[in-house]
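# Summary of the model geometry
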Amino acid sequence: GSAVAPNGLVVFPPRNANCIGTFNAASSAFSCVDISSTISSIGKFTGAATASNGLMVLAPLNADCVGTFDAATSAFNCIDISSTISNDGKFRGAAAAPNGLVVFAPMNADCVGTFDAATTSFECIGISATLNIDYKFFGAAVAPNGLVIFAPANADCVGTFDAATSVFSCVDISSTI
């Protein structure tokens, strides 16, 4: 998914492209900011959210870093997370929680990822005791009550995450699907 930057540009995280796409909806102008000198692998990112400090935060799929992008300056950084998690298919989707953390929806990761764009700190909150399958969720959104909601893929539940308490829950929907 994409996200809107504070300057109004829509930012597209690159999965296979070697650039970050930006789209100005007012003028229909599209640009592609080259990031190949920093990262050029396949399956880089899937999902973006606007952090409280205005940075665009890109959810790592196969990248061993969290991407940050300043749409005003086109500055891109790749914050290394390989010492915490390095498998492929990590996360698919991102949402900015009310407490300022960007939360990543776990796809194959056995954790919910959280990223503080102000401090560039990353955490991986384990969920394997509750849910231990691949292709868990595809997407994240913030509900009116502040919970981050994960859209089920192979999970027989809707994932919920409270970024303030780091509590993950899986609301069973198996009888309705």
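Refer to the structure printed above.
Parameters at a glance
Residues numbered from 1 in each chain as written. Predicted model: local features only at pLDDT ≥ 70, side-chain atom pairs only at ≥ 80, totals over all residues. Heavy atoms only, no water. Pairing = 2+ DSSP bridges. Helix = DSSP H or I, 4+ residues; strand = E, 2+ residues; numbered from the N terminus. Axes fitted to C-alpha atoms, helices over the stretch in contact; angles between N-to-C directions. Salt bridge = Lys/Arg side-chain N within 4 Å of Asp/Glu carboxyl O. Buried < 20%, exposed > 50% of the residue type's maximum accessible area, 1.4 Å probe, protein only.

Read from one edge to the other, the open sheet built from 4 strands follows the order β13-β14-β15-β16, with strand pairing classed as antiparallel. Edge positions in the sheet fall to β13 (137–142) and β16 (167–172), since each has one partner strand and no second. This sheet shows a mean twist of 25 degrees between the axes of neighbouring strands, independent of strand direction.

What follows concerns the pattern of salt bridges. Summed over the entire model, instances satisfying the criterion amount to 2 salt bridges. In this structure, Asp64 engages Lys90 in a salt bridge whose closest nitrogen and oxygen atoms are separated by 3.1 Å. Of this pair, Asp64 sits in the loop between β6 (56–60) and β7 (65–70) while Lys90 sits in the loop between β8 (75–80) and β9 (91–96), placing them 26 residues apart in sequence. Lys90 sits in the buried class, given a relative accessible area of 0%. When the shortest N-O distance is used, the salt bridge between Asp110 and Lys136 registers 3.2 Å. Note that Asp110 is positioned in the loop between β10 (102–106) and β11 (111–116) and Lys136 in the loop between β12 (121–126) and β13, a separation of 26 residues in sequence. A relative accessible area of 35% places Asp110 in the partly exposed class.

Turning next to the pairing of strand β3 (residues 19–24). Two elements, strand β2 (residues 10–12) and β3, share 3 bridges in a ladder whose sense is antiparallel. By the bridge assignment for β3, Phe12 is matched with Gly21. In this antiparallel pair of consecutive strands, β2 and β3, the connection spans 6 residues. In textbook terms, the turn of a hairpin is the stretch between consecutive antiparallel strands, and for β3 and strand β4 (residues 29–34) this stretch comprises 4 residues, one of which, Ser28, has a positive phi near 60 degrees.

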